[in-house]
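What follows is each chain in one-letter form.
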Amino acid sequence: MKSMLLLLILLAVVSGRRTRLLKGLPATSTVEENAAAGVSVYTFNVTVSPLSSEGVAIPPTIVNSNPLTEAFDIESKGDLEYRVVTTGNPVLDYETMPKSFDLQIFVEDTAGRTDLNILTVQVTDKNERPVFRGNIAIQTVTIYVLEGTPPEFIYQVDAADPENAELKYSVHPAPVPFLVLESGAIFSTKEFDYEKDPHCYFLNITVTDPDGLKSTKTVNINIININDERPYFTTKQRIYRIPEEQSPGTIVANITAEDPDDEDFPSRLFYSIQSSHRYFSINPTTGVLQVTGRIDRDALPLRLHPNISLIVRVEDSPSSGHASEMEITIIIDDINDNPPECNPSTFRREANENTTAGTFLLDLRNYCKDIDVDPSHNQFNFTGLSGFGSNNFALDSTVSGRLVMIESIDLENPANLGVEVYSLTVRVQDIACPSYSNIIYIYIRIKPVNDFFPVFSNLSYVFNVPEITKVGSTIGRVNARDKDSSPSVITYSIVAGGGTRDYTNIFWISPTRGDVKILARLDYETTQKHILIVQASDQEKTATASVTVNVLEVNDEEPVCSPNFYSFQIPVSLAVGTNINGFRIECQDRDSDPRSFRYFINEGNVNNHFTFSPSAGSNTSRLILASRFDYESGLDTNWIYRLHVYITDDNLLSARDKTTRLIKTGTVTLSIRVIPNPTTVIAITPGFTVVTKRENLFSESAWYVPFVITLGSLLLLGLLGYLGFLLATWVRTRCPPAGKADGTPLINAPEKKKPKKEVVVTMTKLNTAFDGEARDPVTGKMYEFNTQSGARRWKKSNEPLQPVPAVQVTSSATDDGGQGTDRAEAQSKKEPSQKRKELTAETKPAAKALAGQSETWQPGQEGVSYPC
């Protein structure tokens, strides 16, 4: 809040009109340190404008100080007169605080005029009284001096002057046996005697500064008495007798002693037992000997040594004083304080039912005793046989404690209530007074005799179980009971049946509960009924029952079709409705009618080109082409189809039954490759060329494949070149030149006839068809290759992979050599259609003439044939 006021004032100073309103400021004033609150520091007036009839809007205010302090405030004296006063918080201190403060005083009148001036306040030093330090500054110091102590230093007084002046110390009253030095150290000047000298001295210690200012504090000195006489016992009795089991705090004796040093007042003596004792303790100031622990005469070591010896010591000082010792003896007497006890206190015995009367069961005296030491206190007897069924038992005598059966018990007899365990109690009690007693608990269990066979609730059981029941499922329960009064635990087992040719044990029975479970999958188609023989046993007697398990038929078999996988190729021009490659599937299901099958293609049938006929109602179906392929328009792009065919056995089910019945599905996978139409080639010779497009199956991981293909292609090309060279040499030797030609191709002058012998060469030129592509494993670039010859080239960007048609050229050679062939090839590039017709017309006679010598390339053959 103050910071906000300061901000507003500064804004007013900046934005308002600055006028000299504070009369008498700036100025400098002084104030003494330690000035009380309200001391006037400086007085000044406020001059207001004649327009300010109401005085000041903001009275003079200290808005800031340097250094920051709250030790000053401004009060009004009336009539626009103000004074700066001290607040007392904090108190000004010349020695510890700043010596000067600059106070910024702000005022504003009602006309909006403001003024801000500085009052400098200087703090002046003032002589102050000396100040005591330490404990003596806050309290009276008490010092204890032992009598007989020689003169020595006993205390150091510490004082300081705020102005750091040198101080002087003095002690009053003067005639005392003590001396204070200029350093403030107090010394004793005599050896004190407690019996002769005063027991206490009060010293007034005064400290004075050079200007005479004083401060005084009191020091209290007490003289401590020292004992020098040995105390002595005044008690004469030395032997005491007490009974055992006295409660803690019971007084055994009052030991007294006196000290010659304390004749005028009661002695201040201290009593103790020399070694710590478990049974007794003595009051250290009164000497009263009392019981502190349990004293048991019947336990060791008191059972053998009932006398206890104590060494009592009296001292006139808790430590390093004079002392005397005395031995006393305490005899412990036995009392009847223990009841007879039996170990164990609970007995369990067994007897067969129908045990004869008078049979001995238990001798209690062998297990009970009284631990009291005195023979008159440790005698006991047995009484009070009670409990449910106690009329069947009795104690032979109260002294012997022999328990016998007085009546035979038959558990199956309703008169005996069918109780197997009888709970009895017997009281064992002291003969001496007080008659302490304990209770003995006896449990007699009558063991039943197994007289009856287990009996099943049914002679036979029938369980109907669906064949799809999960392995481990409970299919039923058998139950047998035993008519004995305490039925034995019956265990169940399968003693016959429950196996097949494949599994030894199909069923399992819980030995304790009788639950029948299956261990292997049931199959209606294999076995429709299982007959088991189940046995119930009570460890001695057994009984059997038959269990028939009827296996209920459930649709749990999947349709099985043949073939379940097939791969074939079809031409792209296959007609719609064609049974593809004559393919059909034949299905069978062990638990379904052949008419229940339904066929549909679940995956891979892009654009629905394929279907099955019939699609349902038969165990056989054919694969049909449902629609034509259209790759030219881009509708179809896949050349390989992988069809996943599902065959379900739900065709004969209604729509409602399909949601509730179990439906099984078989699968068939078909792989279909569509082969594009071969390129059309016009045959002008008996030979023809077929270009086959193949899909590259090269894997990038097989880096060695391109290398092997390249090396093999180079070797093959070299071999073909060498064979061509040999063939050309042989042709030249066998076919001599026929003379000069007129320089024009044979096809341009068909009307001319040469008298010379003509040699017709039929040559088929194959333009390499790059029908596959792959990636170079070294450079990563794509390349194209011919699957027949192995020729390769780098693939150009955006160039589709197309089979290149073969161009066949037939040339007629005369004596002019190969000139006619070259001209025919050049001309064929310009006018392909026209030249093709001319070539066909011109070469027919030549073909007939050389039919016996020419070789024709047939499908499945490679290379070029050269007729001669």
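See the structure above.
Scoring rules and cut-offs
Residues numbered from 1 in each chain as written. Predicted model: local features only at pLDDT ≥ 70, side-chain atom pairs only at ≥ 80, totals over all residues. Heavy atoms only, no water. Helix = DSSP H or I, 4+ residues; strand = E, 2+ residues; numbered from the N terminus. Contact = heavy atoms within 4.5 Å. Areas by Shrake-Rupley, 256 points an atom, 1.4 Å probe, with all protein chains shown as cover. Pairing = 2+ DSSP bridges. Axes fitted to C-alpha atoms, helices over the stretch in contact; angles between N-to-C directions. Disulfide = S-S within 2.5 Å. Buried < 20%, exposed > 50% of the residue type's maximum accessible area, 1.4 Å probe, protein only. Phe/Tyr/Trp six-rings, centres within 6.5 Å; stacked < 30°, edge-to-face > 60°. Patch = residues over 30% accessible without salt bridge, like charges linked within 9 Å, V, L, I, M, F, W, Y side chains within 5 Å. Salt bridge = Lys/Arg side-chain N within 4 Å of Asp/Glu carboxyl O.

Novice: Kindly report on the overall build of the protein chain, identifying the contributing residues and their values.
Specialist: Scanning the protein chain from N- to C-terminus turns up 5 helices and 58 strands. Expressed as a percentage of contacts within the protein chain between residues at least 6 apart in sequence, the contacts between residues at least 24 apart total 66%. In the form shown here, the protein chain has an accessible surface area of approximately 49,700 Å², with 52% of it arising from carbon and sulfur atoms.

Novice: Hey, could you go over the pairing of strand β16 (residues 185-188) for me, with residue numbers and the actual values?
Specialist: Two elements, strand β12 (residues 153-156) and β16, share 3 bridges in a ladder whose sense is antiparallel. Across the sheet, residue Gln156 finds its bridge partner in β16, namely Ala185. Direction of pairing for strand β15 (residues 178-180) relative to β16: antiparallel, over a ladder of 3 bridges. Bridge pairing links Leu179 to Phe187 in β16. Where β15 hands over to β16, the hairpin turn is made up of 4 residues, of which Gly184 adopts a positive phi near 95°.

Novice: Mind laying out the sheet that holds β15, listing which residues take part and the relevant values?
Specialist: Strand order across the open sheet formed by 3 strands is β12-β16-β15, with antiparallel pairing between neighbours. A strand with exactly one partner marks an edge of an open sheet, and here the two such strands are β12 and β15. Averaged over all pairs of adjacent strands, the angle between strand axes in this sheet comes to 20°, irrespective of strand direction.

Novice: Describe the state of the cysteines, listing the residues and the values that go with them.
Specialist: Inspection of every chain in the model, using the stated rule, returns 2 disulfides. The disulfide partner of Cys342 is Cys368, and the gap between their sulfur atoms is 1.7 Å. Residues Cys342 and Cys368 are joined through a disulfide that is right-handed, its torsion about the S-S bond being 100°. With a gap of 26 residues between them, Cys342 in strand β28 (residues 341-342) and Cys368 in strand β31 (residues 368-369) connect regions that are remote in the sequence.

Novice: Break down the environment of Val180 for me, with residues and values.
Specialist: Within the secondary structure, Val180 is located in strand β15. Since its relative accessible area comes to 12%, Val180 is described here as buried. Spatially, the C-alpha atom of Val180 lies 8.9 Å from that of Val157, the residues being 23 residues apart in sequence. Setting aside its immediate chain neighbours within four residues, Val180 contacts Tyr169, Ser170, Val171, Ala185 and Ile186.

Novice: Quick one: what's the story with the packing of aromatic side chains, residue by residue and with numbers?
Specialist: In total, this model carries 23 aromatic pairs according to the counting rule given. Between Phe192 and Tyr201 the ring centres are 5.6 Å apart and the planes differ by 50°, which places this aromatic pair in the tilted class. Like Tyr201, Phe192 is buried. Relative to Tyr646, the ring of Phe600 lies with its centre 5.7 Å away and its plane at 75°, an arrangement referred to as edge-to-face.

Novice: Tell me what's going on with a nonpolar patch on the surface, and back it up with residues and numbers.
Specialist: Taken together, Leu716, Leu717, Leu719, Leu720, Tyr722, Leu723, Phe725 and Leu726 make up a surface patch of nonpolar side chains, about 800 Å² in accessible area. In this fold, Leu717 is placed in helix α3 (residues 704-734).

Novice: Which residues make up the sheet that holds strand β6 (residues 72-78), and what are the values?
Specialist: An order of β2-β4-β7-β6 is seen for the 4 strands of this open sheet, with the pairing classed as antiparallel. Pairing within the sheet leaves two strands with one partner each, and these edge strands are β2 (22-23) and β6. Summarising the sheet, β2 and strand β4 (residues 40-46) pair through 2 bridges and their orientation is antiparallel. Of the residues in β4, the one forming a bridge with Leu22 is Val46.

Novice: So what about the pattern of salt bridges? Which residues, and what values?
Specialist: Following the criterion strictly, the structure yields 16 salt bridges and no others. One salt bridge in this structure joins Glu75 and Arg83, with 3.2 Å as the shortest N-O distance. Owing to a relative accessible area of 33%, Glu75 belongs among the partly exposed residues under this scheme. Taking the shortest distance from any N to any O, the salt bridge between Glu81 and Lys77 comes out at 3.6 Å. For Glu81, a relative accessible area of 28% corresponds to the partly exposed category.

Novice: If you had to explain the environment of Leu717 to someone new, which residues and values would you point to?
Specialist: With a relative accessible area of 53%, Leu717 lands in the exposed category. As a C-alpha pair, Leu717 and Ala791 span 74 residues in sequence and 9.2 Å in three-dimensional space.

Novice: Give me the lowdown on the environment of Ile371, citing residues and values where you can.
Specialist: Residue placement: Ile371 occurs in the loop between β31 and β32 (380-387). Ile371 sits in the partly exposed class, given a relative accessible area of 35%. Separated by 31 residues in the primary sequence, Ile371 and Pro340 have C-alpha atoms spaced 7.4 Å apart. Those residues in contact with Ile371 that sit more than four places away from it in its chain are Asp298, Arg303 and Asn338.

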